Amino acid sequence: VGFVVEATAAGVGKHVLELVKHIDPARFGLFLYCSLDRPDAMIEEYLALEKIGVTVRRIHLKRSPAPLSDLPAASRLASLCNEDGVRLLHGHSSKGGLIARMAGRKARLPVVYTANGFSFFMRSPLAPIYRMAERWLARATTRFICVSPSEMQTAVAAGLPADKMTLIPNGIAIDRWPIVTDDERDSARRSLRIDPETLVIGSIGRLTAAKAYDVLIDAVAKLRDRLPVLRMIIWGDGELRESLSTQIERLGARDRVRLAGYTSNPRSAYAAMDIFSLPSLWEGA
């Protein structure tokens, strides 16, 4: 089985990491064809999979549509699949799904595709083009995996074949997330220098247009007088960090909104919150 993905620190990258870790290598030969070129690539985590028997091969992908590099990448992937004896490809996200299906067609392999939010979900002038591309690529897709009922319903409404859809919702390992204790909350707040009586709205995510943190920052700034104890903390990093920092300065909200940066300890971040907010414009769910 070959998995194709951009190994980012975002949800898709982590999803594939967990998926590969939980497949029995005694039953399946596992190959991971991943792009580690983006600044937030989980290079160490992905290369460490070799220790559990996964063959990791690097391929070079550009996030945005790039026919001049996508075609050679798909050809390279098809060649690698033939060399490795791969019998099934599984593409993740729009870019991984594109390259996997192009390579699968060339190598005559069945391809499973998990979009984790189809590209045409985006609020973009290119959305109609992405929708047409997905309809065309459906011919090279053996099975679509949708992570939520709404994703599957939207995909079928957009013209993708219902008979190729399978629903496998994302799950949470609740045994790894026991209820936060009062001591954990106090410790998390002390580390952030937050008073116990402060009302904290928090969020964890990439600082990208899809997450709409600019809208949330505006809302918190407007509540300054009505809720003087309100504070907003956003954990994460991304290409909009500078523009969001500028927005906070322009609104005079430095005492209200904090960009805390990337965290490797989300439990502590959740423990510090009173309210979790997800203002996304679109999500896979």
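Up top you'll find the structure we're talking about.
Here is what the cut-offs are and how they apply
Residues numbered from 1 in each chain as written. Predicted model: local features only at pLDDT ≥ 70, side-chain atom pairs only at ≥ 80, totals over all residues. Heavy atoms only, no water. Salt bridge = Lys/Arg side-chain N within 4 Å of Asp/Glu carboxyl O. Helix = DSSP H or I, 4+ residues; strand = E, 2+ residues; numbered from the N terminus. Buried < 20%, exposed > 50% of the residue type's maximum accessible area, 1.4 Å probe, protein only. Polar contact = N/O pair within 3.5 Å; in protein donor to acceptor, adjacent residues only side chain to side chain. Phe/Tyr/Trp six-rings, centres within 6.5 Å; stacked < 30°, edge-to-face > 60°. Pairing = 2+ DSSP bridges. Axes fitted to C-alpha atoms, helices over the stretch in contact; angles between N-to-C directions. Contact = heavy atoms within 4.5 Å. Parallel < 35°, antiparallel > 145°, perpendicular 65-115°, else oblique. Left-handed = near helix turned anticlockwise from the far one by under 90°. Nonpolar A, V, L, I, M, F, W, Y, C, P; charged D, E, K, R; others polar. Core = buried A, V, L, I, M, F, W, Y, C linked by side-chain atoms within 4.5 Å.

Asks: How would you summarise the pattern of salt bridges if you had to cite specific residues and measurements?
Replies: A complete count under the given rule lists seven salt bridges for this structure. Measuring nitrogen to oxygen at the nearest pair gives 3.3 Å for the salt bridge that ties R254 to E249. When salt bridges with common partners are traced through the structure, they connect R185, R189 and D274 into a single cluster.

Asks: Let's hear about the side chain of S148: which residues, and what values?
Replies: Secondary-structure assignment places S148 in the loop between β6 (143-146) and α6 (149-157). Judged by its relative accessible area of 8%, S148 falls in the buried class. Among the polar contacts listed, one links the side chain of S148 to the side chain of S150, at a separation of 3.2 Å.

Asks: Report on the packing of aromatic side chains, specifying residues and quantitative values.
Replies: Evaluated as defined, the whole model comprises six aromatic pairs. Measuring from centroid to centroid gives 6.3 Å for F118 and F144, while their planes differ by 50 degrees, and the two rings are tilted. Of the two residues, F118 sits in the loop between β5 (111-114) and α5 (127-137) while F144 sits in strand β6, which places them 26 residues apart along the sequence. On the basis of relative accessible area, F144 is assigned to the buried category, the value being 0%.

Asks: Describe in detail the sheet that holds β5, supporting the description with residues and values.
Replies: The strand order across the open sheet formed by seven strands is β3-β2-β1-β4-β5-β6-β7, and the pairing between neighbours is parallel. Every other strand in the sheet has two partners, leaving β3 (55-58) and β7 (165-167) as the edge strands with one partner each. Neighbour-to-neighbour, the strand axes of the sheet open up by a mean angle of 20 degrees, direction not taken into account. Taken strand by strand, helix α3 (residues 67-84) contacts β1 (2-6), β2 (31-35), β3 and β4 (89-92), and its axis lies near 160 degrees from that of β2. Along the sheet, helix α4 (residues 93-107) contacts β1, β4, β5 and β6; its crossing angle with β4, the most-contacted strand, is approximately 150 degrees.

Asks: So what about the sheet that holds strand β10 (residues 257-261)? Which residues, and what values?
Replies: Taking strand neighbours across the sheet as the criterion, the four strands line up as β10-β9-β8-β11 in an open arrangement whose pairing is parallel. One side of each edge strand has no neighbouring strand; the edge strands of this open sheet are β10 and β11 (275-276). Note: strand β8 (residues 199-204) against strand β9 (residues 230-235), six bridges, orientation parallel. What sits directly across from L199, in β9, is L230.

Asks: An account of the pairing of β1 is needed here, citing residue identities and associated values.
Replies: Taken across its five residues, β1 has five buried, putting it largely inside the fold. Burial along β1 is two-sided: G2, V4 and E6 and F3 and V5, pointing in opposite directions, are all buried. Examined bridge by bridge, β1 and β2 share five bridges and lie parallel to one another. Note on β2: the bridge partner recorded for F3 is L32. Pairing geometry for β1 and β4, over three bridges, is parallel. Directly across from V4, in β4, lies its bridge partner G91.

Asks: Help me get a handle on the packing of α3 against α4, residues and values and all.
Replies: Each packed pair of helices is defined by two parameters, the angle between the axes and the distance between the axes. It is the contact of α3 with α4, at a shortest axis distance of 8 Å, that shows an interaxial angle of 60 degrees. In terms of axis orientation, α3 runs oblique to α4. Once α3 is placed against α4, the crossing between them reads as right-handed. Of the residues in α4, those touching α3 at D70, L71, A73, A74, S75, L77, A78 and N82 are K95, L98, I99, A100, M102, A103, K106 and A107. Split into classes, the residues belonging to the contact of α3 with α4 amount to eleven nonpolar, two polar and three charged.

Asks: Run through the nonpolar core, naming residues and quoting values.
Replies: In terms of nonpolar packing, the biggest core is built from 19 residues, with V4, Y33, L77, C81, V86 and L89 touching the most fellow members. Of all elements in the fold, only β2, α3 and α4 reach the threshold of two or more residues within this core. It is α3 that provides the largest number of residues to this core, a total of six residues. The contact partners of L77, leaving out residues within four places of it in the chain, are V4, Y33, L89, I99, A100 and A103. Judged by nonpolar contacts, the second largest core, of 16 residues, contains V16, V20, A41 and L49.

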